[in-house]
Amino acid sequence: MKRQQTLRHGPVHGYRFGYSPLRFIRPVSVWCYWVDGLLIDTAQRHMQREVLSALSTHRIDQLVLTHFHEDHSGNAAALRHAHQCPILASALTAQRVARGFPLLRYEKFWFGSIDPCPDVVPLPATFETERYRFQAIATPGHSDDHMVLLEASEGWLFAGDFYIGNLRLFRRGENIYEMIESTRRMLTYGFDTVFCGHNPVLKDGRRAVERKLHYLETLVERVRAGYARGLRGFPLAKSAGLSEQWWLRAFTENDVGVTYLIQSILQDSPANG
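Predicted model, so just to flag it, every value in this text is computed and none were measured.

> Lay out the packing of aromatic side chains with the relevant residues and their values.
Enumeration according to the criterion identifies 14 aromatic pairs in this entry. A ring pair is formed by W110 and F251, whose centres lie 5.9 Å apart and whose planes are at 70°; its orientation type is edge-to-face. Remark: F251 occurs in helix α9 (residues 246–251) and W110 occurs in helix α5 (residues 105–111); sequence separation between them is 141 residues. Classification of W110 by relative accessible area gives buried; the value is 10%. Between W156 and F158, the ring centres sit 6.2 Å apart and the planes meet at 80°, which makes this aromatic pair edge-to-face. The pair W156 / F158 is uniform in exposure class, with both members buried. Put simply, the rings of W31, Y33, F127, Y132, F134, W156, F158 and F195 pair up and form one aromatic cluster. Over the ring of F68 we find R96, and its NZ or CZ is 4.8 Å from the ring centre. The aromatic ring of F191 is capped on one face by R206, whose charged end is 5.6 Å from the ring centroid.

So this is what it looks like as structure tokens:
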């Protein structure tokens, strides 16, 4: 099952691509954005034909990857070939996409394989299109290579997976304290529109990010308080308002779950280092 959707916010064009290999399961969707010759992220490999078709009439002068994950980098090589455009990314992202990277079975199932994409151009701190000037800002937490793009004069934040919403599960390797610090740092900048990779917030985006920060900080406090009272496992998760989705944990081969969120709260604190 496939899903496509578009949005238009001023000169920004958004394209949503969703894919599910099973008709009775809702497609997992991702957004990529085009503005003034700049494409931000590339969606999943399973939707390559639709991605190339949707973007075929756009001029793409440069393409930026916010991070390496397969639902954001899956069509980088194909789009570069189709549009003869450079790909820009952080050094870590470039290193990972250069030869392709291993995927778990569920990742291939939902998103498709990864085509190697060498010769990625280092993403500068600032760069320009004809009309706009973007600042690239490191925002680790969801992944250690994560970047966002800020167009301050327009109040645009192209957020990749920086925002998403109030997470109740973590993918293995996510770090809640880095996420909190990245969020605090981004709130020192001016923006109001959040072009998220999964949940765009086209109005009051700054307030949405503020609410997310409050949620994350409150969640840390609840888990720490429950742990201090001697709670462990399911009772600890329940005390924080969380519950494990065992079917999802099994399907993702233990790659996604509440356990990783709680582990990050208890183990990843800078005070532990």
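> Hey, could you go over helix α7 (residues 205–228) for me, with residue numbers and the actual values?
Here α7 is 24 residues long and its end C-alpha atoms lie 35 Å apart, about the 34 Å a rise of 1.5 Å per residue gives. Among the residues of α7, G205, A208, V209, K212, L213, Y215, L216, T218, L219, V220, V223 and G226 are the ones counted as buried.

> Describe the nonpolar core, listing the residues and the values that go with them.
By size, the foremost hydrophobic cluster in this structure holds 42 residues, and its most contacted members are L157, F162, Y163, I176, V194, L242 and I265. Only α5, β10 (147–151), β11 (156–160), α6 (176–186), β13 (193–196), α7, α8 (233–239) and α10 (258–267) provide two or more residues apiece to this core. It is α7 that provides the largest number of residues to this core, a total of 8 residues. Other than its neighbours up to four places away in sequence, F162 contacts T139, H146, V148, L157, S182, T183, M186, V209 and K212. In this structure, Y19, L79, F101 and I114 belong to the second largest nonpolar core, which totals 28 residues.

> How would you summarise helix α3 (residues 76–83) if you had to cite specific residues and measurements?
Those residues of α3 that sit buried are A76, A78, L79, R80 and H83. Looking at the buried side of α3, the elements it contacts are β4 (38–40), α1 (48–54), β5 (62–64), α2 (70–73) and β6 (87–89). Backbone geometry just downstream of α3 places Q84 in the positive-phi region, at approximately 50°.

> Can you break down the pairing of β13 residue by residue, with the values?
Residues T193 and F195 line one face of β13 and the alternating positions V194 and C196 line the opposite face, and both faces are buried. As paired strands, β11 and β13 are joined by 4 bridges and run parallel to one another. Directly across from L157, in β13, lies its bridge partner V194.

> Help me get a handle on the pairing of strand β1 (residues 2–9), residues and values and all.
Relative to strand β2 (residues 12–19), β1 is paired through 8 bridges, and the arrangement is antiparallel. The partner of T6 across the bridge, within β2, is Y15. Hairpin remark: β1 followed by β2, antiparallel, with 2 residues in the connecting loop; positive phi at G10, about 60°.

> Outline the side chain of T252, listing residues and values.
Within the secondary structure layout, T252 lies in the loop between α9 and β14 (256–257). Side-chain polar atoms of T252 contact the backbone oxygen of R249, separated by 3.3 Å. Discounting residues that sit within four places of it in the chain, T252 has contacts with L104 and Y106.

> Tell me what's going on with the pattern of salt bridges, and back it up with residues and numbers.
Side chains bearing opposite charge may pair, as long as their charged atoms lie close to each other. For the structure shown, the criterion picks out 17 salt bridges. Close ionic contact of R96 with D144 constitutes a salt bridge, the shortest N to O distance being 2.7 Å. Here R96 is found in helix α4 (residues 91–98), whereas its partner D144 is found in the loop between β9 (133–138) and β10, with 48 residues between them in sequence. In this structure D144 comes out as partly exposed when scored by relative accessible area, which is 45%. Between E253 and R105 there is a salt bridge, and its shortest N-O distance comes to 3.0 Å. Remark: R105 occurs in helix α5 and E253 occurs in the loop between α9 and β14; sequence separation between them is 148 residues. Using a relative accessible area of 65% as the deciding quantity, one classes R105 as exposed. Through salt bridges with shared partners, a single network forms among E70, E107, R171, R172 and D255.

Conventions and cut-offs
Residues numbered from 1 in each chain as written. Predicted model: local features only at pLDDT ≥ 70, side-chain atom pairs only at ≥ 80, totals over all residues. Heavy atoms only, no water. Phe/Tyr/Trp six-rings, centres within 6.5 Å; stacked < 30°, edge-to-face > 60°. Helix = DSSP H or I, 4+ residues; strand = E, 2+ residues; numbered from the N terminus. Buried < 20%, exposed > 50% of the residue type's maximum accessible area, 1.4 Å probe, protein only. Lys NZ or Arg CZ within 6 Å of the ring centre and 35° of its normal. Expected span 1.5 Å × (residues − 1). Core = buried A, V, L, I, M, F, W, Y, C linked by side-chain atoms within 4.5 Å. Contact = heavy atoms within 4.5 Å. Pairing = 2+ DSSP bridges. Polar contact = N/O pair within 3.5 Å; in protein donor to acceptor, adjacent residues only side chain to side chain. Salt bridge = Lys/Arg side-chain N within 4 Å of Asp/Glu carboxyl O.

So far we have only geometry, and geometry alone does not tell us how the molecule works.
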